[in-house]
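# Working through the structure, step by step
Listed here are the chains, written in short residue letters.
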Amino acid sequence: MRGEQLTDPVAYHAEGPVWSDRWGGLRWVDMFAGDVLALVDGQVVRRHVAGLVAALRPRRGGGAVISTERGFALEDPDGSVRHLPDVWNTDAVRMNEGACDPDGRYYSGSMAYDCRPGGGTVHRLDPDGSVHLVLPDVTISNGLDWAPDGHLAYYSDTATGRVDVFDYDAAGGLANRRTFVDVGADGLPDGVTVDTEGGVWVALNQSGTVRRFTPDGRLDEVVELPVRQVTACTLGGTGGDELFITTSREGLDPDDEPLAGSLFHVRVGVTGQPTREFAA
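Quick notes on the rules
Residues numbered from 1 in each chain as written. Predicted model: local features only at pLDDT ≥ 70, side-chain atom pairs only at ≥ 80, totals over all residues. Heavy atoms only, no water. 1 Å grid on protein atoms, 1.4 Å probe; cavity = no way out; pocket = protein on both sides within 12 Å on 5 of 7 lines; lining within 4 Å. Points joined across faces, edges and corners; volume = space filled by probe spheres on them. Helix = DSSP H or I, 4+ residues; strand = E, 2+ residues; numbered from the N terminus. Nonpolar A, V, L, I, M, F, W, Y, C, P; charged D, E, K, R; others polar. Phe/Tyr/Trp six-rings, centres within 6.5 Å; stacked < 30°, edge-to-face > 60°. Buried < 20%, exposed > 50% of the residue type's maximum accessible area, 1.4 Å probe, protein only.

Overall, the coordinates contain two cavities of 30 Å³ or more when judged by the stated rule. Its boundaries defined by the atoms lining it, the largest cavity holds a volume of some 280 Å³. Around the largest cavity, the lining comprises 24 residues; the ones closest to its centre are Arg 57, Asp 145, Val 192, Thr 193 and Thr 234. Secondary-structure elements contributing two or more residues to the lining of the largest cavity are β2 (14-20), β10 (93-100), β14 (141-146), β18 (188-194) and β22 (230-236). Here the residues of the lining of the largest cavity sort into eleven nonpolar, nine polar and four charged. Looking at the second largest cavity, its volume works out to about 50 Å³. In terms of lining, the second largest cavity is formed by Glu 97, Gly 98, Ala 99, Tyr 107, Ser 108, Gly 109, Val 122, Ser 141, Asn 142, Gly 143, Leu 144 and Tyr 155. Elements with a contribution of two residues or more to the lining of the second largest cavity: β10, β11 (106-112) and β14.

Listed below in structure tokens is the structure:
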């Protein structure tokens, strides 16, 4: 399959697409601009939120939970944004991808700006406002999503070249980490989304592709893009079977890959899960 361009190259480093009926459609981030983008009647609407915005998910009561450079912020239903206390106080580390678990808790991973090994972590924000360290010593924390039954979670630390899988339950959290697929020979595993059949879609940065793996780890679909830096993907749209794909032009010369930074889409014949929401 081939992804089709849906917007102009509106972002320098687009990430974290999320479809939510509560929002009325798709949102994603232009990370280093600190902006949240929304697709409204075919037009891109941009809103500045913070110095850096890495990821977001809807809140059950309306609004959004947002990963900022050093921690979390909450968008209320009226659109106002409250920044929570910083999780760390160094300029050397920033948040990256994020997602909600089946119990309504929000996870966000981080990475060092210099990509040093073990410089990142994964933290969890609970609905009561408490913050918990979930995974230490990761390098480039990226995609995270859960299987339809909620008992498995898929995760990519890009530097490993793998997508790993954890067992999950509410009390124990993420446990028993093991390799799901090793894709390092083909690209850099970035964003991840899981469909209603348990298929795992992986954005492979530097490869110009998104790849779907069956629950047993078999490659069975490839979406090709006309740009190399494919960052993340999500399923949504009116029929739920539209794969939205973000791309980046970070580090590119002005004349390189003129479509980089655009949003792409393709209908893939399988539907996405309802977006898990933050329970506060």
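Moving on, we get to unusual backbone geometry. Look at Cys 115: it is not a glycine, yet its phi comes out positive at around 60°. Summarising the element assignment, Cys 115 is placed in the loop between β11 and β12 (120-125). Of note in this structure, Asp 137 is not a glycine but carries a positive phi near 60°. Tracing the backbone shows Asp 137 in strand β13 (residues 131-138).

Counted under the stated rule, the structure contains seven aromatic pairs. With centroids separated by 5.7 Å and ring planes inclined at 10°, the aromatic side chains of Trp 19 and Phe 244 adopt a geometry described as stacked. Of this pair, Trp 19 sits in strand β2 while Phe 244 sits in strand β23 (residues 242-247), placing them 225 residues apart in sequence. By relative accessible area, which is 19% here, Trp 19 ends up buried. Here Phe 244 falls in the buried class, since its relative accessible area comes to 2%. Taking 5.4 Å as the distance between ring centres and 55° as the angle between the ring planes, the aromatic pair formed by Tyr 107 and Trp 146 counts as tilted. With Tyr 107 in strand β11 and Trp 146 in strand β14, this pair connects stretches of sequence that are 39 residues apart.

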